[in-house]
Amino acid sequence: GRLEGVSRKAAIAVAIDFRLALLWHRPRKYGGSVHVIGSRNQLEDGSWQRTRWPEFLTGEVTRFEVGADHDDVLNPGNADFNRALRQCLIQTTAA
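A. Representation of the overall build of the protein within the structure. Assigned secondary structure in the protein consists of six helices and four strands. In sequence order, the protein lays out its α and β elements as β-β-α-β-α-α-α-β-α-α. Relative to the compact-globule value of 12 Å for 95 residues, the protein shows a C-alpha radius of gyration of 14 Å, a close match. The principal-axis extents of the C-alpha atoms in the protein amount to approximately 40 × 30 × 25 Å. Looking at the protein as a whole, 22% of its 95 residues qualify as buried. A separation threshold of at least 6 residues defines the contact pool for the protein, and within that pool the share at least 24 residues apart is 71%. In the structure as shown, the protein presents an accessible area of about 6600 Å², 55% of it carried by carbon and sulfur atoms.

Rendered as structure tokens:
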């Protein structure tokens, strides 16, 4: 089936790639604009400040909340994630 114009196979591949990136990526400081897609738990101001991300992301950060917890974010059927990703792509290509 299709999820709002995105194939289920593609959505699952993206979810798997995100999980692998979370395991292997070692961030460096970045001063440009960043779009962050995350859960309410991850993106609340208190929670966000307790992570190490503000240390690495020194430029403008736009946060998109797409679920209550991390599993919601990585769910391939999450329509909010699909909309946020589409919005990120639109904003990024318009810049």
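B. Structural detail: a nonpolar patch on the surface. Together, Ile12, Ile16, Leu20, Leu23 and Trp24 make up an exposed nonpolar region whose accessible area comes to about 510 Å². For Trp24, the position within the fold is in helix 1 (residues 8–24).

C. Quick peek at the nonpolar core. Formed by Phe64, Val66, Val73, Leu74, Phe81, Ala84 and Cys88, the largest nonpolar core amounts to seven residues. Per-element tally for this core: the top contributor is helix 6 (residues 79–94), with three residues. In contact with Leu74, not counting residues within four places along its chain, are Ala15, Phe18, Arg19 and Leu22. Of all hydrophobic cores here, the second largest spans five residues; its members include Val34, Val36, Trp48 and Leu57.

Calculation criteria
Residues numbered from 1 in each chain as written. Predicted model: local features only at pLDDT ≥ 70, side-chain atom pairs only at ≥ 80, totals over all residues. Heavy atoms only, no water. Helix = DSSP H or I, 4+ residues; strand = E, 2+ residues; numbered from the N terminus. Rg over C-alpha atoms; globule rule 2.2 N^0.38 Å. Buried < 20%, exposed > 50% of the residue type's maximum accessible area, 1.4 Å probe, protein only. Contact = heavy atoms within 4.5 Å. Areas by Shrake-Rupley, 256 points an atom, 1.4 Å probe, with all protein chains shown as cover. Patch = residues over 30% accessible without salt bridge, like charges linked within 9 Å, V, L, I, M, F, W, Y side chains within 5 Å. Salt bridge = Lys/Arg side-chain N within 4 Å of Asp/Glu carboxyl O. Core = buried A, V, L, I, M, F, W, Y, C linked by side-chain atoms within 4.5 Å.

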